[in-house]
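Chain by chain, the residues:
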Amino acid sequence: MTKVQFRILYREFLFRMVDLEALSAHAQGDASTLLGQFVALLLIFSLWVLLPIAFAAGGDARLSPPTRLIDGWPAQNILIATNMLVVGLFAVASWDSSFPNRRDVLVLSPLPVRARTLFLAKVAASATALSLAVIAPNGLPSLAWTLATSTANRGLLDLIFSSGIYRSFAAYWLTMIAAGGFIFGSLLCVQGLAAQFLPRRQFLRASGFLQLAAFCLLVTIYFSQPSLANPAALVAAQHQRVLAWLPSYWFLGMLQQLNGSMHPAVAPLARRAWLALAIVGSGTAATYALSYLRMLRKIVEEPDIVPGSRRRGSWLPIFGTAFETAIAQFSLRSLFRSRQHRLILAFYLGIAFAITALFLKTPVAQRQIISKLPGVWRQVSAPMLTSSIVLMIAWVVGTRIVFSMPVELRANWIFRIIPTGGAPACLEARRKAFIVMAVAPAWIIWAAIFVRIWPWKPAIGHLLILGLLGLSLAELCLRGVQKIPFACSYLPGRSSFHITFWMSILLLVMLIDYVASFEQRALESVPQFLLIPAILLPAGLVVRWQNTNTAQSQGDAVCFEAEPPPAVMTLGLGRDGALTLDS
Amino acid sequence: MLELRNVTKRFRGITAVDNVSFIARAGEITGYLGPNGSGKSTTMKMTTSLIEMTSGAILFDGDPIQRDLMAYKQRMGYVPEEPHLYSHLTGLEYLVMVGQLRGLPAKRTAERIDGLLRLLVLHGDRHVPISSYSKGMRQKVLLIAALLHNPDLLLLDEPFSGLDVTTGLVLRSLIQDLAARGKVFLFSSHELETVERVCSRVVILHRGRIVADDSIDRLRVLMALPTLESIFSQLAVEQDTAAISRQIVDLVVA
């Protein structure tokens with residue numbers, strides 16, 4: 001009985017990692033499709049990013065063994081930090097599924113299911129999901145790292161019969177599991193503590209902020225941590241305070257210890273890793289178990305709602321016609337109040353922040369802006385131009401993504417039964433929403449920065465270009481069938497867009513860097529400068545004209561249900577005028 | 001006047017609504033009854049244009065609704081069977097959004113919303129998110145949203161669901177008062193007692209087909225049965241309910 005219950009609950013909790021409500025009816029609630037896509041995404045990431053790093057983590061084969069091991073430290077640290085980032089992001093994404101919700105309790109409480117079975121099923125589902133997040137990206141890199149650290153001056157047979165290779169392999173996996181478990185456990189521990197000490201209503205409110213804070217912290221630490229993976233830097237007194245806050249270095253120490261290549265410089269870090277793991281492990285187990293048992297009672301006693309106030313609601317301005325205002329205000333409120341959507345947008349902004357941080361850390365940028373010369377920030381620099389363009393692109397693209405994901409799909413009947421003015425009105429409303437939620441905030445942030453730090457001429461010039469770029473991008477995002485933001489179904493399978501986005505992001509950044517360098521020169525010469533708006537403005541207008549025409553041809557058709565691509569593609573032979581399909 | 005002419009709806013070969021024809025006149029309250037799965041909600045959804053019919057025609061005031069769907073939607077109010085609302089919005093925000101979507105004048109709509117919220121005892125909770133509303137409170141929001149634009153046609157699918165006794169009585173009187181002012185009502189419910197008190201005539205659906213379409217009084221006389229419940233049982237209930245009950249007891253107790 002208990003085993004059957006456990007199995008059923010385990011499966012239910014595992015697939016709960018995906019929000020079925022958001023899926024299109026065509027997906028028929030197939031959560032495994034999304035889980036499969038998640039694994040595929042991790043594998044692609046592993047193949048393109050982690051695998052080359054894993055080979056580099058073996059160190060330069062031409063060096064002597066002790067020097068070679070140290071040579072591989074920076075790459076090893078990147079592998080560990082990236083693993084922690086992936087697991088951390090996964091924990092953030094599945095934040096709400098770690099604990100039982102009201103529906104679980106209300107459905108399961110009347111049934112003869114013990115709290116222990118519920119708890120164990122939840123732990124097992126979380127452990128499976130964690131394993132997936134660790135194994136998928138580390139499978140190939142683990143082999144690459146093991147081979148890279150063991151192949152020097154050895155034949156194949158020597159390699160197979162050498163115990164070192166197995167030790168390296170085991171050390172890699174143990175370290176990655178420990179590092180992943182540490183970050184996953186830390187986040188669970190924070191949630192558990194909040195659940196313990198806060199009333200349920202306050203916990204629900206705080207939980208959303210904690211989730212966003214955890215996301216920002218993970219991304220910030222990953223991209224802004226200093227490179228200290230060499231013996232001198234690790235033992236330097238001035239770095240000890242920083243190292244105390246960088247867990248990836250602790251697990252670098254653990255890797256060396258488990259691999260049998262312990263260097264005196266990393267020994268304290270390894271001790272810290274073990275200590276941290278013990279604290280987080282016991283803390284998580286205690287708070288998770290306690291909060292689980294106490295939460296079950298709390299959930300029933302206290303309503304599971306976002307705390308509301310009886311005061312006047314949030315005021316929002318008018319955005320054009322009544323319909324446009326309704327859509328823009330609905331979009332703003334949906335984004336502000338939906339944790340899932342906020343998080344997805346934050347993810348895109350975090351990537352923009354990371355790229356910006358990387359750009360500002362490049363030697364070229366250091367020479368250009370991180371100079372000790374007074375007032376150098378007041379000079380126009382390509383990295384600053386790049387950063388502003390990257391943020392604008394990420395904000396617009398992120399907004400496009402969150403617009404396509406529904407909030408309470410079944411509530412969209414209200415948009416269907418009301419005369420909305422069809423596709424042209426919907427296009428105009430979406431355009432307003434894009435401007436209000438993506439183009440304007442990004443532009444205002446950079447306007448505040450540039451007007452303050454740069455001379456007014458280049459500042460105004462760049463803001464003009466940034467605004468045109470944002471508006472043109474928004475127009476590009478409006479192409480296709482017209483959908484009301486947050487009100488239409490999301491069809492799994494479209495995530496190929498995400499893969500394309502990540503695959504092309506490196507090329508895109510290089511292109512943006514080139515464009516920014518050109519703009520930097522253009523800001524000093526009026527004819528050259530005029531060339532940029534002369535390209536951007538007509539391009540934006542053409543896309544806008546196309547969008548308007550397409551919307552007018554669509555008439556009353558506003559799409560609420562995403563359609564999958566047809567299984568059989570027609571060749572469209574009827575369009576040549578010689579043959580009509582209707583005849 | 002709302003008229004359905006030979007309306008049929010098929011889902012992957014299964015006929016949910018089969019050649020349904022009836023007229024709901026202005027000033028009348030037409031009850032639309034049937035067991036679960038008989039096609040009531042499907043008909044309602046076709047009449048709201050939420051789903052398309054396979055064949056037939058739906059006419060409002062003599063014109064097919066598809067001819068000018070936007071104009072038809074302006075004149076139609078709908079209370080769906082399930083109270084699906086955007087629960088991240090407050091009750092007031094939701095109603096203001098509905099008013100904006102319908103293009104109603106802002107000031108007049110605000111006054112109307114305020115008045116309706118007060119009358120339905122929801123004013124104190126207007127700034128509270130709908131996520132914390134009870135089923136009855138959600139139902140009140142749906143009712144206000146349906147009445148906001150003073151529609152000529154009201155499609156009510158289980159409108160009494162979750163309402164407390166007082167609001168139920170208010171709604172019953174409200175439906176009769178609005179019908180007296182010439183509104184067209186199509187009213188679907190499983191509460192036969194309420195239907196008997198509110199509706200002037202009923203359309204009874206069984207397995208997607210109409211099995212009765214007349215005034216309740218005339219049906220009583222024609223079928224020589226005292227109540228709507230007995231008429232409904234005669235026309236639309238195929239099973240021996242007492243026998244089923246006995247079988248359930250046997251299964252559970254055994």
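Residues numbered from 1 in each chain as written. Chains lettered and ligands numbered in written order. Predicted model: local features only at pLDDT ≥ 70, side-chain atom pairs only at ≥ 80, totals over all residues. Heavy atoms only, no water.

## Here's the deal with the overall build of chain A
Put simply, the rule is: A run of H or I in DSSP counts as a helix once it spans at least four residues, and a run of E counts as a strand once it spans at least two, with each numbered from the N terminus. By the convention used here, residues are in contact when the closest approach between their heavy atoms is within 4.5 Å. Reported accessibility uses the Shrake-Rupley method at a 1.4 Å probe radius. Residues are deemed covered only where the shown protein chains occlude them.
Helix and strand counts for chain A stand at 22 helices and zero strands. Excluding contacts between residues fewer than 6 apart, the proportion of contacts in chain A whose partners are at least 24 apart in sequence is 80%. Within the structure as shown, chain A displays about 28,500 Å² of accessible surface, and the carbon and sulfur contribution to it stands at 69%.

## Quick notes on the interface of chain B and chain A
Formally: Buried area counts how much accessible surface, traced with a 1.4 Å probe, disappears from two parts once they are put together, with both parts' losses summed. For this document, the term salt bridge refers to a Lys or Arg side-chain nitrogen within 4 Å of an Asp or Glu carboxyl oxygen. Polar contact criterion, stated in full: a pair of N or O atoms within 3.5 Å, where within protein one must be able to donate a hydrogen and the other to accept it, and residues adjacent in sequence count only if both atoms are side-chain atoms.
With 31 residues of chain B in contact, the opposing surface of chain A contributes 35 residues. Together, the buried faces of chain B and chain A total about 3,100 Å²; carbon and sulfur atoms form 63% of this surface. It is Tyr86, His88 and Leu101 of chain B in chain B that bury the most area against chain A; as a group they hold 24% of the surface buried on that side. For the pair chain B and chain A, the interface holds two salt bridges. Linking arginine 337 of chain A and glutamate 93 of chain B is a salt bridge whose minimum nitrogen-to-oxygen distance equals 2.6 Å. For the interface between chain B and chain A, the tally reads eight residue pairs in polar contact (both at pLDDT 80 or more).

## Some details on the sheet that holds strand E5 (residues 63–64) of chain B
Residues and elements named next belong to chain B. Heads up, the condition is: Pairing between strands is defined by DSSP: at least two bridges between them are needed. A fitted line through C-alpha atoms represents every axis, and for helices the fit uses only the stretch in contact; the resulting angles, taken between N-to-C directions, go from 0 to 180 degrees.
Pairing is antiparallel in the open sheet, where four strands are placed in the order E2-E1-E4-E5. Of all strands in the sheet, those bounded by a partner on one side alone are strand E2 (14–24) and E5. The pairing of strand E4 (residues 55–60) with E5 spans two bridges and is antiparallel. By the bridge assignment for E5, phenylalanine 60 is matched with aspartate 63. Helix H1 (residues 40–48) rests against strand E1 (2–11), E2 and E4 of the sheet, and its axis sits at about 115° to E1.

## Some words on the sheet that holds strand E8 (residues 184–188) of chain B
Residue and element names in this part refer to chain B. Spatially, the six strands line up as an open sheet ordered E6-E7-E8-E3-E9-E10, and their pairing is mixed. The open sheet has two edge strands, strand E6 (76–79) and strand E10 (209–215), and neither has a second partner. The average angle at which neighbouring strand axes cross in this sheet is 15°, direction not considered. In the packing of H1 onto the sheet, contacts are made with strand E3 (29–33), E6, strand E7 (153–157), E8 and strand E9 (201–206), and the angle to E7 comes to roughly 150°. Along the sheet, helix H8 (residues 216–223) contacts E9 and E10; its crossing angle with E10, the most-contacted strand, is approximately 105°.

## Describing the packing of helix H14 (residues 322–337) of chain A against helix H19 (residues 422–453) of chain A
Packed helix pairs are specified by the crossing angle of their axes together with the interaxial distance, meaning the distance between the axes. Residues and elements named next belong to chain A. Put simply, the test is: Just so you know how the angles are binned, under 35 degrees is roughly parallel, over 145 roughly antiparallel, 65 to 115 roughly perpendicular, and the rest oblique. Rotating anticlockwise by less than a right angle from the far helix to the near helix defines a left-handed crossing, while the corresponding clockwise rotation defines a right-handed one. Under the convention adopted here, Pro, Cys and the residues Ala, Val, Leu, Ile, Met, Phe, Trp and Tyr are nonpolar, Asp, Glu, Lys and Arg are charged, and Gly plus all remaining residues are polar.
The contact between H14 and H19 brings their axes to 8 Å, and the two run at 45°. Relative to H19, the element H14 is oriented oblique. Considering only the axes of H14 and H19, their crossing is right-handed. Along its contact with H14, which presents Phe323, Glu324, Ile327, Ala328, Ser331, Leu332 and Leu335, the element H19 presents Ala425, Cys426, Glu428, Ala429, Lys432, Ala433, Val436 and Met437. Here the residues of the contact of H14 with H19 are counted per class, giving eleven nonpolar, one polar and three charged.

## Details of the nonpolar core
Note the cut-off: We define a nonpolar core as any set of buried Ala, Val, Leu, Ile, Met, Phe, Trp, Tyr and Cys residues linked to one another through side-chain atoms lying within 4.5 Å. With a 1.4 Å probe rolled over the protein chains alone, any residue whose accessible area is under 20% of its type maximum counts as buried; one over 50% counts as exposed, and the rest are partly exposed.
Counting 156 residues, the largest nonpolar core has Phe415 of chain A together with Leu2, Tyr86, Tyr94 and Met97 of chain B as its most contacted members. Each residue touching phenylalanine 415 of chain A, except ones within four places of it in the same chain, is listed here: Ile327, Phe330, Thr420, Ile484, Ala487 and Phe560 of chain A together with Tyr86, Met97 and Leu101 of chain B. Within the second largest apolar cluster, 74 residues are counted, among which are Ala125, Val134, Leu246 and Ala265 of chain A.

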